[in-house]
Amino acid sequence: MNPDVADAVDALARSGTLSPTQARLFSRIARRHLVSVHTEMRLLAYLGVLLVMAGVGVLIKENLEHIGPVAIAGALGLGALGCLVWVARQAPAFSRGEVASPHLALDYVLLLGAVLVGADLAYVETQFLALGDAWPWHLLLVSAVYALLAIRYDSRVVFTMALSTFVAWRGVSAATLERSLWYSGEAGAVRANALACGALFLLLGGVLRARLFKAHFEPVAAHLGWLLILAAPLSGVGDPRPSGTAFAVILALLGGVLAVFSYGRRRFGLLAMGIVGAYIGVSALFLDTLSGSDTTLLAFFWFAVTPLAVLVLLYVAHRSLKEPE
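Residues numbered from 1 in each chain as written. Predicted model: local features only at pLDDT ≥ 70, side-chain atom pairs only at ≥ 80, totals over all residues. Heavy atoms only, no water.

Draft legend 1. Local environment of the packing of aromatic side chains. The tally for this structure, following the rule as stated, stands at seven aromatic pairs. Through a chain of ring-to-ring contacts, three or more aromatic side chains come together here, namely Trp137, Phe166, Trp169 and Phe201. A cation over a ring is seen here: arginine 170 above tryptophan 169, with NZ or CZ 4.7 Å from the ring centre. (Phe/Tyr/Trp six-rings, centres within 6.5 Å; stacked < 30°, edge-to-face > 60°. Lys NZ or Arg CZ within 6 Å of the ring centre and 35° of its normal.)

Draft legend 2. Fine view of the packing of helix H4 (residues 69–90) against helix H5 (residues 106–128). Closest axis-to-axis distance for the H4/H5 pair is 8 Å, and the angle between their directions is 155°. Looking at the two axes, H4 sits roughly antiparallel to H5. Crossing geometry of H4 relative to H5 is assigned as left-handed. The residue makeup of the contact of H4 with H5, split by class, is 20 nonpolar, five polar and one charged. (Axes fitted to C-alpha atoms, helices over the stretch in contact; angles between N-to-C directions. Helix = DSSP H or I, 4+ residues; strand = E, 2+ residues; numbered from the N terminus. Parallel < 35°, antiparallel > 145°, perpendicular 65-115°, else oblique. Left-handed = near helix turned anticlockwise from the far one by under 90°. Nonpolar A, V, L, I, M, F, W, Y, C, P; charged D, E, K, R; others polar.)

Draft legend 3. Highlighting the layout of surface pockets. Space inside the largest pocket adds up to approximately 420 Å³. If you go around the largest pocket, you meet 25 residues; those closest to its centre are Val99, Ser101, Asp107, Asp154 and Ser155. Counting residues per element, the ones that place at least two in the lining of the largest pocket are helix H3 (38–67), H5, helix H6 (137–153) and helix H7 (156–174). Ranked by residue count, the leading element in the lining of the largest pocket is H6, at three residues. Across the lining of the largest pocket, the residue classes tally to twelve nonpolar, six polar and seven charged. In this structure, the second largest pocket encloses a volume near 160 Å³. Glu218, Ala222, Phe261, Arg267 and Leu270 are the residues nearest the centre of the second largest pocket, which is lined by 13 residues in total. Of all the secondary structure elements, the ones that give two or more residues to the lining of the second largest pocket are helix H8 (186–211), helix H9 (218–234) and helix H10 (243–265). No other element matches the five residues that H8 contributes to the lining of the second largest pocket. Taken together, the residues of the lining of the second largest pocket sort by class into seven nonpolar, two polar and four charged. (1 Å grid on protein atoms, 1.4 Å probe; cavity = no way out; pocket = protein on both sides within 12 Å on 5 of 7 lines; lining within 4 Å. Points joined across faces, edges and corners; volume = space filled by probe spheres on them.)

Draft legend 4. Here's a closer look at the side chain of aspartate 120. Within the secondary structure, aspartate 120 is located in helix H5. Among all residues touching aspartate 120, those that are not within four sequence positions of it are Ala73, Leu76 and Gly77. (Contact = heavy atoms within 4.5 Å.)

Here it is as structure tokens:
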């Protein structure tokens, strides 16, 4: 309970500033008798979507021979259509900016409908081979559908799915290449595509913010973009010398640059990502320099002490960014 707020509510009620109904409401809030469960309800809605999709998967697996592929594809399509029709009837008009949701479940029914659309398209492609050898293109189609739904109904969750599906399309497509920008092999092609997708997402976020078109989507694009950019050299840190060492250096430098840039922009999420990336790169370089009988002991002390230092650094940075300029 906050006694100062409770006393102030009582004083305002006695003076007539607050009506009896308002006084009772504010008094319950001040005494912690009334709390918000909005976060818990959102978590339960998200878990509900996961459980529904898990149930759909089990139902398809157990009854494929009895129901048949056409009936299953139709049922998935009807389920997706039902969700999207409900969302279309409940959603407010389109706006270039952020739109307040009129219903707690709106975003999650939209998410369920979007996931059912993707599942239906994937099932049709698996059963009927509609695209043949060009099947990875269905991932691009799903990504485009998710992007349209996210923009129309102002859903950052579905926008995240659109970007993630786009990355999956590029990763699957890159796996078929024989040569990449860095070196021959599937890993190099996937790594190059991760860098390209990361840069594209950063550019997309910048354009959204500059054009004031769904500018609140920019953090989603920025975080996923930098995650991909850091993941590209991270995937090569364990390679033999000298490529593994080069990847560790690149990761440490990219993480350091991101941390400095994010601190200046007061963006703790990106700052934490940069610090962790730089720490992994520096740790890989440290382990790469170890040799002799004391290798295990030095590695133990390194990983016993340095994570605590990173946590302290993150805590200090978080406190610093919370303080007003």
